[in-house]
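Observations on the model geometry
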Amino acid sequence: MSILVIAEHDNTGIRPSTLNTIAAAKLLGDDIHLFVATNNSELPNSASTIESVSKVISSVDDTLEHQLPEALAPMIKEVATSYSHVLAPATTFGKNLMPRASALLDSQQISDISGVIDQDTFKRPIYAGSCIATVKSNDSIKLITVRATAFDPVQLSGGSAAVESFDSVVSNDKSEFVNEEIAKSDRPELTAADVIISGGRGMQSGDNFHLLESIADKLGAAVGASRAAVDAGFVPNDYQVGQTGKIVAPNLYIAVGISGAIQHLAGMKDSKVIVAINKDEDAPIFQVADYGLVADLFNALPELADKI
Amino acid sequence: MKILVPIKRVVDYNVKVRPLSDNSNVDLNNVKMAVNPFCEIAVEEAVRLKESGTATEIIAVTVGTSASQEQLRTALALGCDRAILIESEENPEPLVIAKALAKIFEEENPDLIILGKQAIDGDNNQTGQMLSAILDLPQATFASKLVIEGQTANVTREIDGGLQTIKVNLPAIVTTDLRLNEPRYASLPNIMKAKKKELATKNINDLGIDTSARTEIISVELPPQREAGIKVESVDELIDKLKNEAKAI
């Protein structure tokens, strides 16, 4: 049977997490369909060029701008009946939406998979990544969210999918969008960045994050933070890397003034190269770092920015 | 306003969980158990709504073995008025928990359900959304701010890009994120008082729901361990290693 992927997008473009999710879908079957619910009639056509997608199921309506789950989940329920698997990225978008659709289909969702064993069996981290469980699902329609960093993305181009429209838009009078504060930045987004430099409580204040930013600008890196730094109010929540923040796996992760609590490690320990800069030589972050520098970050960062 | 707060008994967040030696599951022998941290935030939010005069009654509920009474008593000590234990086998799946909670909703008719966005054992992040679907009610997940205005709630949600505010009609389901509040500790007098509060017990098999498991755990293993690398002596050495050894910059 075919595999359905729910597209995450911002109405202007498909989000990178969707491309990782399609990569996971390829391990389950060849016939991959992409469900795009949006207020932009151009978006389904532009999604039709994504590698490995054979059909785009397009639902275009002004009410779908914010894709609230009260409307989207019943639509997925209706579409899903002709599929064996329905996948979405395990981002806040997918985490919010998919369990609602799953319950409507009376299916026990498998969350945040990091590996595909076979059609029914998946690997997923539990206990903040302290253990990896192999789980088998016996539901006839499997709803799954996908840990994006565990699957290399497909390309945005190279495909030529048919576009089919799905017109049963569900009205939602239960909830409404009020507003959004979305951080605007010229830097790459955390989950798609090749290099990330993150600060922790050791940064001492939000103002000191400019020390990280000047290095980030030189490396084309994204700037992240530990939960401690976010809780202390240094930076907003969208910076947070960790179990309950963003899961990242860049080529290079530089942790500055971060002690290395398990919940932070859960969000970044799959990075290819890890650098830790911390003045406490016993900090647990050094146990996962490829290169550790025991130093006062207020000396090391300006020097690094100067020489890199 | 009546608030229902579903909570879960989980391994204490300080415990480093390991697989059993036969890799059949995680090893939970003799580990410290606690109220799931996100559930503590849910209890705290409900108690604050009561203290501000918005809420009149808070009911804590859990689905689990009789050992979960301990966590219900904690919720009572923190300010919940009464508690319900829905006795089940160990580790029911989120869909079963949501179905059981829906039955309690029908009996109690609360105006608001506040629960944690995820439990730190399975990290599933499903129960609140599933409960909303079963009850056909609005959901406001990953809340960092909750404001009740008459028959609606304005909820600010933590999303990947920043913050989103939505307005939901009551009754609604709210799931808590980390920054909604900082939970209090139970005081000794309140712990004593909690022992006298009502704790009702029901059996999950009497609720008329399908409790069959849909998934099975094949194995539980440690993740691939990362080996510690080397310490460098200077910024110059670090840059040299990153350029010439790791080729990462």
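Please refer to the structure placed before this passage.
Reference entry: report on the structure contained in this document. (Residues numbered from 1 in each chain as written. Chains lettered and ligands numbered in written order. Predicted model: local features only at pLDDT ≥ 70, side-chain atom pairs only at ≥ 80, totals over all residues. Heavy atoms only, no water.)

Tallying secondary structure elements over chain A gives eight helices and 16 strands in all. Radius of gyration (C-alpha) of chain A: 21 Å, near the 19 Å computed for a compact globule of 308 residues. On the principal axes, the C-alpha backbone points of chain A span a range of 60 × 40 × 40 Å. Accessible area for chain A stands at about 11500 Å²; split by element, carbon and sulfur atoms hold 45% of it. When the 22 basic and 39 acidic side-chain charges of chain A are each reduced to a single mean position, those positions are 6 Å apart. (Helix = DSSP H or I, 4+ residues; strand = E, 2+ residues; numbered from the N terminus. Rg over C-alpha atoms; globule rule 2.2 N^0.38 Å. Areas by Shrake-Rupley, 256 points an atom, 1.4 Å probe, with all protein chains shown as cover. Lys, Arg positive; Asp, Glu negative; His and termini not counted. Charge placed at Lys NZ, Arg CZ, Asp CG, Glu CD.)

Right, let's talk about the interface of chain B and chain A for a bit. Accessible area lost upon the coming together of the parts serves often as the stated size of an interface. Taken together, the 77 residues of chain B in the interface contact 82 residues of chain A. Carbon and sulfur atoms supply 53% of the area that chain B and chain A bury against each other, a total of about 6700 Å² over both sides. The three residues of chain B that bury the most area against chain A are Asp160, Arg214 and Arg226 of chain B, which together make up 12% of that side's buried surface. Summed over the shared surface of chain B and chain A, the result is eight salt bridges. With a shortest N-O distance of 2.8 Å, arginine 226 of chain B and aspartate 290 of chain A are connected by a salt bridge. Remark: the boundary between chain B and chain A carries 52 residue pairs in polar contact (both at pLDDT 80 or more). (Contact = heavy atoms within 4.5 Å. Buried area = accessible area lost by both parts, 1.4 Å probe. Salt bridge = Lys/Arg side-chain N within 4 Å of Asp/Glu carboxyl O. Polar contact = N/O pair within 3.5 Å; in protein donor to acceptor, adjacent residues only side chain to side chain.)

Let's shift gears to the pairing of strand 6 (residues 112-116) of chain B. Residue and element names in this part refer to chain B. Summarising burial for strand 6: five of the five residues are buried, a large majority. Across five bridges, strand 6 lies against strand 10 (residues 172-176) in parallel orientation. Counterpart to leucine 112 in the pairing with strand 10 is alanine 172. (Buried < 20%, exposed > 50% of the residue type's maximum accessible area, 1.4 Å probe, protein only. Pairing = 2+ DSSP bridges.)

Pairing is parallel across the open sheet formed by six strands, whose spatial order is 13(A)-12(A)-14(A)-15(A)-16(A)-13(B). Unpaired on one side and paired on the other, strand 13 (222-225) of chain A together with strand 13 (230-232) of chain B mark the two borders of the sheet. Direction aside, the axes of adjacent strands within the sheet are offset by 20° on average. Bridge count between strand 14 (residues 252-256) of chain A and strand 15 (residues 273-278) of chain A: five bridges; the pairing is parallel. From the neighbouring strand, valine 256 of chain A faces strand 15 of chain A, where its bridge partner is isoleucine 277 of chain A. Across the face of the sheet, helix 5 (residues 210-219) of chain A comes into contact with strand 12 (195-199), strand 13 and strand 14 of chain A while running at roughly 180° to strand 12 of chain A. (Axes fitted to C-alpha atoms, helices over the stretch in contact; angles between N-to-C directions.)

So, on to the side chain of threonine 165 of chain B. In this fold, threonine 165 of chain B is placed in strand 9 (residues 162-169). Residue classification places threonine 165 of chain B among the buried positions, given a relative accessible area of 11%. Contact partners of threonine 165 of chain B, with chain neighbours within four places excluded, come to Phe177, Val178 and Asn179 of chain A together with Val155 and Thr156 of chain B.

Purely spatial values, then, with no claim about function.
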